[in-house]
Structure formats: structure tokens, C-alpha cells
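Each chain is listed here by its residues.
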Amino acid sequence: METMPRQAINLGERGPHLLLVNLGLGQDKRGPLGYAETTYLMPDGSRYPTSLAGFALWKWLDATGRSPVAVVFACTESAWNQKQEALRKHAAELGLEPSKISPPVILGLPQTLEDVWAMIEPMESRLRAYHDAAGPVLHLDLTHAFRAIPLAHLLIALYFQERGLATMGVCGYGVFQEGQTETPYIDLSHLLHLARWAQAVRSFRERFDTTGLAGLLEQYEREARHAVVQSGMVPPPEVRRLISAARLAGPYFAAGLPLELGVHVGQTLGHTTRESLEKAATKLVTAQQSLVLELFDALHPLTPGQVAKKSAKASLVLDKQELARQVRLLKLWLQAGLPERALLVLREVVINRLLLAANPESWLEHGIREQAETVLNDVFRPEEPPLPSSPELKVLRSLWREITNRRNPLAHAGMCKSEVDVGQLSEAVEELVEKLEALLELDEPWQELARQLSTSGEGKA
């Protein structure tokens, strides 16, 4: 008795199963259905003789506990009119239930984008007829589709899955060769898995979403690690460290927490270097090696210079390297379309630069930070005469006031009767980051503010 290999069945499938079979005109010399008789060899080794690949898939679904509630043919109107009786007759001959054959989805050959959208609506309507809380599991046979239709149907199926209208099942294709008695039947749904990789890479590059990429890499690394252990060797740890760091980085980045992000990524990567990671990736994730290195190149610069094993955040050192790391994150938030995160952290970076000049040992103490904020607010208060100003101090004053003016409506939107406008926020914050970068390397404006902070602290003491 043949058994299904674990990877051949999607254990996450739920909902009713729906089979969509593409049907062309074929050739008259091949008989009523227009296609040659062959034996389709399924992924688990099962064999089904038939002249229509979709019926082999139907038989296989029945045999593996995924019997479709309906079988829908996608074809032209002429193909359906010519073949519908032959289809029902052949289904009965194979022991299938002809009553499951539903009215067809009438399609034309997609030659333009409008033609593709015209294919979607009738297929979507049919899906919705069998839709429950989970959506139907959609199986496709693409074997006898014409020209561009297989590609279009694969992408449409992915579109349906992303919209939550269906869960993808088998996307089958019979690789027929003239003169061969058996025809391998392959499952192209693996290509949709590749599409998930493409989406994860895009999310990583555009929004710095490292979590999705980590989840996909983890599957491959786990299997490769198991194979290494089975061979009696110890798998290298670097790839797993990187995956774990990427999983942690995503939520901390989304939350706008530069210190926590740096600490957790740094602790997780440990002493991993690009060279050691490259060697480990060669053994574990060869196909994804360049992607793994790209992920490392993005994460490693976000780690602080030194990360303690215990009380890591409290032990962080404030220096120019740490400020440069935080500015690097500011730019990533802007790149990811999160200017509000960048703006909130930008304010903290200004305070950090002041404390670097005044009291770097206590830069994470709440009281010291409050004093620094008070000095910045008092010195740059618009209604009071400013300090005798250098050009740099004037720029810093302008920077702080604009950060405040843009941050307050976002932080306290519920207190504003007027609407908060974020239309040009990205461009405005990008300009503020550029101004800050130019000021960070200077000493005099920060030293002047540090003297004010020292005087303020003495008064309070």
C-alpha cells in the first residue's frame, strides 16, 4: 500500500476542496477529449491512466482524503460545448462522480492586463460560492491550458490566497512527452512558495521587516541542521544566530526602540563575523547564502560597539559611535516609511548628543535626561533672548524647535482640535536628520549647552 510523503500534503489545508481544471480543444485525432491517453505518475508514486490530466488529479485528491466538492472547468465556450458530454462520460468510466462537474468558467486568452482582470472576476465568483470561514482549498490543473493561461492562473491563485479567498492546494502540470507511456505529474505550487520569498525580500528591503525572512530561512536551516546532526557532525551556529537576531530585530524596529534593538541583536549575534557566517551558510543554506550575508550586512551595523551579557542596556556606552548607530537607524525608519518613529527617536538623539558633552556616564538616568530636556527647552524658548549664538547654535536652536513643533501634534493628537497633517512628514524629518548629522561632529554648540546643563544641575543641588 502506497503512502503519501509528508511534504505532498499541506497539513494546514482547511475548508472544502475545489478543483479547477483547464481545458483546451486539443486535437481531433486524439479522441473525444482531444488529448492522448497516458498514465500520470503522481508525486507520491500513484499512477492514474487517463487522457485528461485534471481527472488524474481528481482521482489523486479522492485517494488522499481531499475529495473536491466541485470540479470546475476553465475553458472557452466552444471547448465546453464540444466536450462537456465526453467529460461526464469519461469521469464515470474512471469511477468519479460526474455530478460534481459544475458549470464552467468561460475564459479567453489573456493578451492584455485587462484580459487578465477579466479572468479573475468569474474565478473569484466561483470561489465565493464555496467560501467558508477559512476559504476553500483551491487545486488547479494547468496541463491543458493554452499558452499564457498557466502563468496567469498561478499568479491569480497567489492573488486569491493573499486576499484570503482561498488556500492553495495542488497546482498540477502533466509533463507529457510523445512516445512515453508514463507522464510525470508535478506540483507547481512550490513556485508560489518562491513568491513568498520574493515578498519577504521586498518587505525586508523596503520596510526593514526582517521577521518574515527569518521565518522562511528557519525552515531550511532547521532541515539542514538535522541532516548535519544525522551525519554525526556538529552544525555551525552562525546561521541560526542570524535568524534569531532577525526575528528579534523586526518587532523592536517596528516599535521604534533603538537601544533594545541594538542590545538584542548584538547579544544574539555574539561573535559572529561575516566570514564565519559565510562558511556556515555554505554548509547549511547554500541556495540562500547571498541573502543570508545581505541580512547580516543590514543587521550587524545596528549593534552597539560593546554589549554586556548582563544588564546590557544599562551598560551601553554613549560615544560618537553609538550616536552614529542611532542615526543609521533614523535613516532606516525613514526608508521604511516610518517618519513618525524617526521623529520621536530624533529628539532622543539630540538629548544624547548633549549628554555626551555633559554627562555621558549617566545618559540613561531619567533625572539627567529630564534636566537636559529642560535646558534645551529653556535655552531655545522663543520668547526669551537666546544665548549669544554662533551660527551652529542657531541651527541647533532651529532644529530643536522644529522637532518639537512636528513631534507634539503626533504625540498628543487627541489634544488637538485641528487635524494633524502628515503630508510632508517624511521629507521634513529627512531634512532634520541631515541637519543633525552636520551638528553631531561639532563640539562648541554642545559644550555651550553642557555648561548650561551644569549650571542648572548645580542650582537644583
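For clarity, every value in this text was computed on a predicted model and none was experimentally measured. Along each chain, the written sequence defines residue order, and numbers are assigned to residues from 1. Totals for whole chains, interfaces and linings use every residue, but because this is a predicted model, local features are given only for residues with pLDDT of at least 70 and side-chain atom pairs only at 80 or more, for both listing and counting. Based on all heavy atoms of the structure, the side-chain values leave hydrogens and waters out of the count.

**A closer look at the overall build of the protein**
Looking only at helices and strands, the protein features 16 helices and eight strands. Our radius of gyration looks at C-alpha atoms and nothing else; its globule reference is 2.2 Å times the residue count to the power 0.38. Radius of gyration (C-alpha) of the protein: 31 Å, far over the 23 Å computed for a compact globule of 461 residues. Along the three orthogonal principal directions, the C-alpha set of the protein runs to about 100 × 60 × 35 Å. Contact between two residues is taken to exist if any of their heavy atoms lie within 4.5 Å; hydrogens are not considered. Long-range pairs, those at least 24 residues apart, make up 70% of the contacts in the protein with a sequence separation of at least 6. With the model as given, the accessible surface of the protein reaches about 23400 Å², and the carbon-plus-sulfur share is 52%. We count a stretch as a helix when DSSP gives it H or I for four or more residues in a row; a strand needs E for two or more, and each element gets its number in order from the N terminus. To be clear on the numbers: accessible area is Shrake-Rupley with a 1.4 Å probe, and residue cover counts the displayed protein chains and nothing else.

**So, the packing of helix α11 (residues 320–335) against helix α15 (residues 425–440)**
At a minimum axis distance of 10 Å, the contact between α11 and α15 shows a crossing angle of 165 degrees. Between α11 and α15, the interaxial angle falls into the category roughly antiparallel. Viewed along their axes, α11 and α15 form a crossing whose handedness is left-handed. Residues Lys320, Leu323, Val327, Leu330, Lys331 and Leu334 of α11 form the contact with α15, whose own contacting residues are Ser426, Val429, Glu430, Val433, Leu436, Glu437 and Leu440. Three residue categories are used. Nonpolar comprises Ala, Val, Leu, Ile, Met, Phe, Trp, Tyr, Cys and Pro, charged comprises Asp, Glu, Lys and Arg, and polar comprises the others, including Gly. Looking at the contact of α11 with α15 residue by residue, the class counts come to eight nonpolar, one polar and four charged. Convention adopted: a line fitted to C-alpha atoms gives each axis, helices being fitted over their contacting stretch, and angles between N-to-C directions are expressed from 0 to 180 degrees. If an angle is under 35 degrees, it is roughly parallel; if it is over 145, roughly antiparallel; if it lies from 65 to 115, roughly perpendicular; otherwise it is oblique. Take the far helix as your reference; a near helix turned counterclockwise from it by less than a right angle gives a left-handed crossing, and one turned clockwise gives a right-handed crossing.

**Some thoughts on the environment of glycine 26**
Relative to the assigned elements, glycine 26 resides in the loop between β1 (17–22) and β2 (38–41). Exposure classes here rest on a 1.4 Å probe applied to the protein chains alone. A residue is buried below 20% of its type maximum, exposed above 50%, and partly exposed in between. For glycine 26, a relative accessible area of 36% translates into the label partly exposed. In this structure the C-alpha to C-alpha distance between glycine 26 and histidine 144, which are 118 residues apart in sequence, comes to 7.9 Å. Residues in contact with glycine 26, not counting those within four places in the same chain, are Gly34 and Tyr35.

**Thoughts on the pairing of β1**
β1 sits mainly inside the fold: six of its six residues count as buried. Residues His17, Leu19 and Val21 of β1 are buried on one face, and the alternating residues Leu18, Leu20 and Asn22, pointing to the opposite face, are buried as well. Strand direction decides the pairing type here: β1 and strand β6 (residues 137–141), joined by five bridges, are parallel. Pairing of valine 21 across the sheet is with aspartate 141, part of β6. Pairing geometry for β1 and strand β4 (residues 70–75), over five bridges, is parallel. Bridge pairing links valine 21 to phenylalanine 73 in β4. Strand pairing follows a simple DSSP-based rule, namely that at least 2 bridges must link the two strands.

**Quick look at the confidence of the model for the protein**
Reading fine detail from the predicted coordinates is not recommended where pLDDT is low. The pLDDT value tells you how sure the predictor is about a given residue, anywhere from 0 up to 100. Overall, the prediction assigns the protein a mean pLDDT of 89, with 93% of residues at 70 or greater. Predicted confidence for residues 1–13 stays below pLDDT 50, and this span has 19 contacts to residues more than four positions away or in other chains.

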